[in-house]
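Close look at the chain arrangement
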Amino acid sequence: MSGALDAGARPGPPGPAAPAVPLGDVLRAARRRFSVELSPPHDEAGAARQWEAVRRLERLRPVFASVTYGAGGGDQDGTVELAGRLRDGTGVRPLAHLTAVGQPADALREVLRRLRAAGVGDVLALRGDPHGDPRAPWRPHPGGLQHADQLVRLARAEGAVSVGVAAFPLGHPESPDLDSDTRHLAGKLRAGADFAIAQLCFDVEEFLRLRDRLARTAPDLAGVPVLPGLLPVTSPRVLEVTRRLTGDHEPSWLQRRLAPLLDDRGAFREEGLEVALEAGQRLLAEGEQVLHLYSLNSSGAVERLVGELGLAG
Ligand code: FAD
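Report follows, based on the coordinates. (Residues numbered from 1 in each chain as written. Predicted model: local features only at pLDDT ≥ 70, side-chain atom pairs only at ≥ 80, totals over all residues. Heavy atoms only, no water.)

Considerations on the side chain of histidine 292
Worth spelling out the cut-off: Helix numbers and strand numbers start at the N terminus; a helix is a DSSP run of H or I with at least 4 residues, a strand a run of E with at least 2. Pairing of N or O atoms within 3.5 Å defines a polar contact, subject to two protein rules: one partner must be a possible hydrogen donor and the other a possible acceptor, and residues neighboring in sequence count only if both atoms are side-chain atoms. By definition in these notes, contact holds between two residues if any of their heavy atoms fall within 4.5 Å.
Turning to its location among the elements, histidine 292 is positioned in strand 9 (residues 290-294). A distance of 2.7 Å separates polar atoms of two side chains, one belonging to histidine 292 and the other to serine 35. Contact partners of histidine 292, with chain neighbours within four places excluded, come to Ser35, Val36, Glu37, Phe64, Ser66, Ile197, Leu227, Pro228, Gly229 and Leu230.

If you want it as structure tokens, here you go:
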């Protein structure tokens, strides 16, 4: 570790204490609840809108709010700030995303210490994607990490209370097949993660197949929570976002439902919410207890889903 980092890590005045019970345990005990994803705002207007949304979501008592980490590893300050603000100013438990992009291991340790100093002990450990072109071949930073399992170990070594990892119902785009993808997911969990969050997917069946694959591949991990991700497609812009996140995997049934409504904003929103509601109902019927809702920093669609699915705490 460098001298500069040593200096940055010197103990200062005690900050807020991180929660003591790991999220994996909290999630295992939870019944019909939700968690929500937020992103650091880009400007002051965005920050004000987001905070209004946070206040509304807080009343519904999400199990946690996850805070994304800028693509390319560039927005660590925003993540640390927003997670710390949630910790200090709300009753919502923050989970900070952290990626290994563009940083040596020492810099990642430093981010983990800053989070800890802000009272944030829960981390989603991610490899991330190459800066500039997310689909370019992955090259680790010299002195950095190759895969997320290494970041799980590093976060554990730095004393994280909980560590989550990413799961991919359709398989990660770089995975040659679903079996190897599932083996690597199991590897991340065995490296010390206590839960996983699934990339959003439109077909509930895809998530259920991931659940089954993991149970077959790794019976020793039975009971480790894997949260299904749900993003209500409330506008054509949101549809674009979901296409990007799912690698343009948009089922034909969804196209049939949404394409005729592209020119009618109200009807599109209603149909998008209905699609998410149906997926949520199915997931609950399949025994899922906590749904991870992608908010895109606004509360309306999440409030509606939480209300109709009965997920408030
Ligand atoms: P890894 O687990 O390292 O997997 C990457 C590939 O390598 C996969 O094909 C995997 O099967 C394989 N693999 C894994 N371990 C090994 C191993 N030990 N040996 C060989 N192969 C292995 N990105 C951001 O930039 N910021 C965010 O905030 C963010 N949040 C996310 C939240 C969720 C819920 C999800 C699902 C994704 C998020 N991402 C985020 C995207 C994520 O960073 C990318 O999808 C990235 O390409 C993969 O990250 P990973 O942690 O799954 O990587």
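Brief notes about the environment of glutamate 250
Within the secondary structure layout, glutamate 250 lies in the loop between helix 9 (236-245) and helix 10 (252-258). Glutamate 250 sits 48 residues away from phenylalanine 202 along the chain, and the two C-alpha atoms are 7.3 Å apart. If we ignore the near neighbours within four places in the chain, the residues touching glutamate 250 are Phe202, Leu239, Arg243 and Gln255. Reaching out from glutamate 250, the side chain makes a polar contact with the side chain of arginine 243 at a distance of 2.6 Å.

Brief notes about empty space enclosed by the protein
This is how it is decided: Grid points spaced at 1 Å over the protein atoms alone were grouped into cavities, where a 1.4 Å probe fits but cannot get out, and pockets, open sets with protein on both sides within 12 Å along at least five of seven lines, with lining residues defined by an atom within 4 Å of a point. Grid points are joined across faces, edges and corners, and a volume is the space filled by probe spheres set on the points. Residues are grouped as follows: Ala, Val, Leu, Ile, Met, Phe, Trp, Tyr, Cys and Pro are nonpolar; Asp, Glu, Lys and Arg are charged; all remaining types, including Gly, are polar.
Going through the model one piece at a time under the given rule, you end up with three cavities of 30 Å³ or more. By volume, the largest cavity is sized at about 100 Å³. As for the largest cavity, its lining consists of Leu200, Cys201, Phe202, Gly229, Leu230, Leu231, Pro232, Val233, Gly272, Val275, Ala276 and Ala279. Examining the composition of the lining of the largest cavity, we find that four residues originate from one element, helix 11 (residues 265-285), more than from any other. Tallied by class, the residues present in the lining of the largest cavity amount to 10 nonpolar, two polar and no charged.

Topic: the pattern of salt bridges
Quick reminder of the rule: The working definition used for a salt bridge is a side-chain nitrogen of Lys or Arg within 4 Å of a carboxyl oxygen of Asp or Glu. The buried label goes to any residue with under 20% of its type's maximum accessible area, the exposed label to any with over 50%, and the partly exposed label to all in between, with areas taken from a 1.4 Å probe on protein chains only.
Summed over all chains, the structure comprises 24 salt bridges. The salt bridge partner of aspartate 122 is arginine 93, with a shortest N-O separation of 2.6 Å. Taken as a pair, aspartate 122 in strand 4 (residues 122-126) and arginine 93 in the loop between helix 4 (76-89) and strand 3 (94-99) lie far apart in primary sequence, 29 residues in all. Take aspartate 122 and arginine 93: they sit in the same class, and that class is buried.

Side note on helix 6 (residues 148-157)
For the record, the criterion: Arc definition: directions from the helix axis to the C-beta atoms.
Burial in helix 6 covers these residues: Ala148, Leu151, Val152, Leu154 and Ala155. Buried residues of helix 6, viewed axially, fall in a sector of 165°; they line one side. For helix 6, the elements touching its buried residues are strand 3, helix 5 (105-117), strand 4, strand 5 (162-167) and helix 7 (178-190). Looking one or two residues beyond helix 6, the residue adopting positive phi is glycine 159, at roughly 85°.

Regarding the site of the ligand
Note the following rule: Throughout, the term near means that a residue has one or more heavy atoms lying within 4 Å of the molecule or strand in question. Only the protein chains shown count as cover for residues, with accessible areas throughout obtained via the Shrake-Rupley method and a probe of 1.4 Å.
Contacts to the ligand come from 25 residues, most closely from Tyr69, His97, Asp129, His172 and Ser175. At 3.2 Å from a nitrogen atom of the ligand is found a side-chain nitrogen or oxygen belonging to histidine 184. Here the ligand, which alone exposes 980 Å², has 86% of that area covered by the protein. When contributions to the shell around the ligand are tallied by element, the ones reaching two or more residues are strand 3, strand 4, helix 6, strand 5 and helix 7.

Remarks on the sheet that holds strand 3
We count it as follows: Strands are treated as partners if at least two bridges between them are detected by DSSP. Lines fitted to C-alpha atoms define the axes, with helix axes restricted to the stretch in contact, and inter-axis angles between N-to-C directions lie between 0 and 180 degrees.
Taken in spatial order, the nine strands of this open sheet run 7-6-5-4-3-2-1-9-8, and their pairing is parallel. A single partner strand is all that each edge strand has here, and the edge strands are strand 7 (226-227) and strand 8 (229-230). Sheet analysis places strand 8 next to strand 9, joined by two bridges and oriented parallel. Considered in strand 9, the bridge of leucine 230 is made with leucine 293. Together, strand 1 (33-38), strand 2 (65-67) and strand 3 form the strand contacts of helix 4, whose direction differs from that of strand 3 by roughly 170°.

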